[in-house]
Amino acid sequence: MNNVSKEYLLSLLQSGRRLDGRKLNEYRDIKIELNVSKNAEGSARVKLGNSEVIVGVKLEVGTPFPDMPDEGSIIVTAELLPFSNPEFESGPPNSQSIELARVVDRGIRESKALDFKKLCIVEGEKVWLVLIDIYTINDEGNLQDAAALAAMAALMHAKIPKYDGNKVDYHEHSGNLPLTRKPLECTVMKIGEHFIVDPVKEEEAFVDARLTVAVIEDGNVCAMQKGGEKALSIEDAEKMIEIAIEKTNEMRKKL
Amino acid sequence: MYKRKSRKLDEPREMEAKVGIIKRADGSAMFKIGNTIAMAAVYGPRNLYPKFMQNPEKGILRVNYNMFSFSVSERIRPGPSRRSKEISLVSENALLSCLNLEEFPNSVIDVYIEILQADAGTRCAGICAASMALADAGIPMRDLVSAISVGKVGDAIVVDLDKEEEDYEGGSTDMPIAMMPRNGKISLLQMDGNMSKEDIKKALELGRNTCNKIYELQKRTLKEKYMVEVENE
């Protein structure tokens, strides 16, 4: 499938260019479309160039964890649909889809983007569970950043359905989600000695190491995930974090 | 007599179709009817693995129908269910009758149907999208397949029931049908409810007329895509 050689890719990067003519630290065109699925409490479609992800948010009444009786919670899942990439297979979630979901989860959870205490209905008994489901539509690379961005866009516009203590009325709503921060994720890839963002499929195939960094609007980092086979130096990691902070700031303007 | 607020009893909801919505797929399409949105992607014909599943006489078709967890009011757990497995099977049969798989020995054609938003009639919308996606993938077909749900709401024979009508308190019968409009043959027929022989006859007639309308939209959408492509060259 891959008809680009690593040598060619490296020589391009050396001259400061990418396969599709972008600069090394340049994202593809970002498009966000809201409310793409009306039965969800919130939903968004994000396109990074030709990559496309849809995220929907549903709310359910559940029981709190015993150690956090007054806090609601989030549950993030990701489906790498065989629909979106000829190499994806049907079946239970594999490690790639679990990592995708968990890294989105941690960005939201650790930044305390949602005020979990405000999602409590009856302490020790009933809380709101926020279910964030990620579906890939077309995989042309960088699903991680697309998913995190779509999750944030969907959360920002999600409504809390009406609850009378017995039954949830999904056709009526009682307010917005208690969203206090807007973490976004940027995955910086290292290929040879070069750092790039928002890779296309051909570039992803040659990544030596990657670092996903979830950044809050104040510039603080709230979650990270290193991937790829090669190790990073401390200087590499610092540089990658710097790039991620700059890029998530730019991305946040699209929300 | 049961009456509809905003459309006639023999009038389907507003429809919209698109092809080529998923770049990585060999063929793809979207079919929207009212608030129901189905997307379909086709991959193949491609080699079938594991190898023992290959048939040297003819290729196989695999259809997978799936609803997004948030496509309905009460979230459904991601992944296959008994319902989705059954719909995958009947959709597969609905599409098989228009294909000539002898042309593709040892191969598989994968069709993935995803429901983004549901307001009844999802299997029919899925089949409409899937048959357009197969055509978009350049797979030789005897005809397109058009599908619509007909049935009875209260005492009225209707076409294209929405969710509210499916749950109608005075009783509701849902009869999804799929057809190859050119020869008028039925490739999917299911029913849940209660109807007399005469009612079924009327409903089938209504279904055929509506399938013909859907067929025109499907053909027009496919033609528009390829006409534009030729002009651009």
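On a predicted model such as this, the values are computed, not experimentally measured, just so you know. (Residues numbered from 1 in each chain as written. Chains lettered and ligands numbered in written order. Predicted model: local features only at pLDDT ≥ 70, side-chain atom pairs only at ≥ 80, totals over all residues. Heavy atoms only, no water.)

Peer 1: I tried to follow the overall build of chain A on my own but got confused; where do I start?
Peer 2: The helix and strand inventory of chain A stands at five helices and twelve strands. Since a compact globule built from 255 residues should have a radius of gyration of about 18 Å, the 19 Å found for chain A is in line with a globular shape. If one aligns the C-alpha atoms of chain A with their principal axes, the spans along those axes are about 65 × 35 × 30 Å. Buried residues in chain A amount to 52% of all 255 residues. Relative to all contacts within chain A whose residues are 6 or more apart in sequence, the contacts with residues 24 or more apart total 69%. As displayed, chain A offers around 11,500 Å² of accessible surface, 48% of which is attributable to carbon and sulfur atoms. Here chain A carries 33 positive and 43 negative side-chain charges, and the mean point of each set is 4 Å from the other. (Helix = DSSP H or I, 4+ residues; strand = E, 2+ residues; numbered from the N terminus. Rg over C-alpha atoms; globule rule 2.2 N^0.38 Å. Buried < 20%, exposed > 50% of the residue type's maximum accessible area, 1.4 Å probe, protein only. Contact = heavy atoms within 4.5 Å. Areas by Shrake-Rupley, 256 points an atom, 1.4 Å probe, with all protein chains shown as cover. Lys, Arg positive; Asp, Glu negative; His and termini not counted. Charge placed at Lys NZ, Arg CZ, Asp CG, Glu CD.)

Peer 1: Which parts of the structure should I look at to understand unusual backbone geometry?
Peer 2: Excluding glycine, a negative phi dihedral is what most residues carry, and trans is how most peptide bonds are arranged. Residue Gly44 of chain B is joined to Pro45 of chain B through a cis peptide bond whose omega torsion reads 0 degrees. Locating Pro45 of chain B in the fold gives a position in strand E3 (residues 36-47). Its identity as a non-glycine residue notwithstanding, Asn142 of chain A has a phi of 55 degrees, on the positive side. Look at Asn142 of chain A and you get buried, because its relative accessible area is 2%. Residue Asn106 of chain B is not a glycine yet carries a positive backbone phi of 65 degrees. Relative to the assigned elements, Asn106 of chain B resides in the loop between helix H1 (82-96) and strand E5 (107-117). The class for Asn106 of chain B is partly exposed, based on a relative accessible area of 29%.

Peer 1: What am I meant to see in the packing of aromatic side chains here?
Peer 2: Aromatic ring pairs are defined here through the distance separating the ring centres and the angle between the ring planes. In the structure shown here, the tally under the stated rule is six aromatic pairs over all chains. Between Trp128 of chain A and Tyr163 of chain A the ring centres are 5.9 Å apart and the planes differ by 70 degrees, which places this aromatic pair in the edge-to-face class. Here Trp128 of chain A is found in strand E6 (residues 126-138), whereas its partner Tyr163 of chain A is found in strand E7 (residues 159-163), with 35 residues between them in sequence. Judged by its relative accessible area of 22%, Tyr163 of chain A is partly exposed. With 5.7 Å between their ring centres and 70 degrees between their planes, Tyr135 of chain A and Phe70 of chain B make a pair best called edge-to-face. In this pair, Tyr135 of chain A is assigned in strand E6 and Phe70 of chain B in the loop between strand E4 (60-67) and H1, connecting two distinct chains. The pair Tyr135 of chain A / Phe70 of chain B is uniform in exposure class, with both members buried. By way of ring pairs, the aromatic residues Tyr135 of chain A together with Phe68 and Phe70 of chain B are connected into one cluster. Note that Lys58 of chain A overlies the ring of Tyr170 of chain A, its terminal NZ or CZ placed 4.3 Å from the centroid. (Phe/Tyr/Trp six-rings, centres within 6.5 Å; stacked < 30°, edge-to-face > 60°. Lys NZ or Arg CZ within 6 Å of the ring centre and 35° of its normal.)

Peer 1: Help me understand empty space enclosed by the protein in this model?
Peer 2: The probe, sized like a water molecule, is rolled over the atoms to show the empty space still left. All names here are of chain A. Under the criterion given, the structure shown has one cavity of 30 Å³ or more. As a volume, the largest cavity reaches approximately 40 Å³. Every residue along the wall of the largest cavity is listed here: Val104, Gly107, Ile108, Ala148, Ala151, Pro183 and Glu185. Sorting the residues of the lining of the largest cavity by element identifies helix H2 (95-110) and helix H3 (143-156) as the ones contributing at least two each. For the lining of the largest cavity, the leading source of residues is H2, giving three residues. Among the residues making up the lining of the largest cavity, the classes are represented as five nonpolar, one polar and one charged. (1 Å grid on protein atoms, 1.4 Å probe; cavity = no way out; pocket = protein on both sides within 12 Å on 5 of 7 lines; lining within 4 Å. Points joined across faces, edges and corners; volume = space filled by probe spheres on them. Nonpolar A, V, L, I, M, F, W, Y, C, P; charged D, E, K, R; others polar.)

Peer 1: I tried to follow the interface of chain B and chain A on my own but got confused; where do I start?
Peer 2: Accessible area lost on assembly of the parts is the figure often given for the size of an interface. Counting residues at the interface gives 28 residues for chain B, matched by 33 residues for chain A. Each partner contributes to the roughly 2,600 Å² buried at the junction of chain B and chain A, and carbon and sulfur atoms together form 55% of this total. Where chain B meets chain A, there are one salt bridge. The closest approach of N and O atoms between Arg75 of chain B and Asp133 of chain A, which form a salt bridge, is 2.7 Å. Applying the counting criterion to the chain B and chain A interface returns 17 residue pairs in polar contact (both at pLDDT 80 or more). With six residues, the top contributor of residues to the side of chain B that touches chain A is E3 of chain B. The residue inventory of the side of chain B that touches chain A, partitioned by class, reads 15 nonpolar, seven polar and six charged. (Buried area = accessible area lost by both parts, 1.4 Å probe. Salt bridge = Lys/Arg side-chain N within 4 Å of Asp/Glu carboxyl O. Polar contact = N/O pair within 3.5 Å; in protein donor to acceptor, adjacent residues only side chain to side chain.)

Peer 1: Would you mind showing me how to read the environment of Ser28 of chain B here?
Peer 2: Residues and elements named next belong to chain B. Relative to the helices and strands, Ser28 resides in strand E2 (residues 27-33). Taking C-alpha positions, Ser28 is 24 Å from Leu189, a pair spaced 161 residues apart along the chain. Other than its neighbours up to four places away in sequence, Ser28 contacts Lys18, Val19, Gly20, Ile21, Ile22, Ala40, Ala41, Ala133 and Asp136.

Peer 1: In this structure, what is going on with the pattern of salt bridges? I would like to understand it.
Peer 2: Residue and element names in this part refer to chain A. As enumerated under the stated definition, the model contains 34 salt bridges over all chains in all. Between Arg22 and Asp20 there is a salt bridge; the shortest N-O distance is 3.1 Å. With a shortest N-O distance of 2.7 Å, Asp105 and Arg109 are connected by a salt bridge. Taken together, the residues Asp105 and Arg109, both in helix H2 and four residues apart, mark about one turn of the helix. You can call Asp105 buried: its relative accessible area is 12%.

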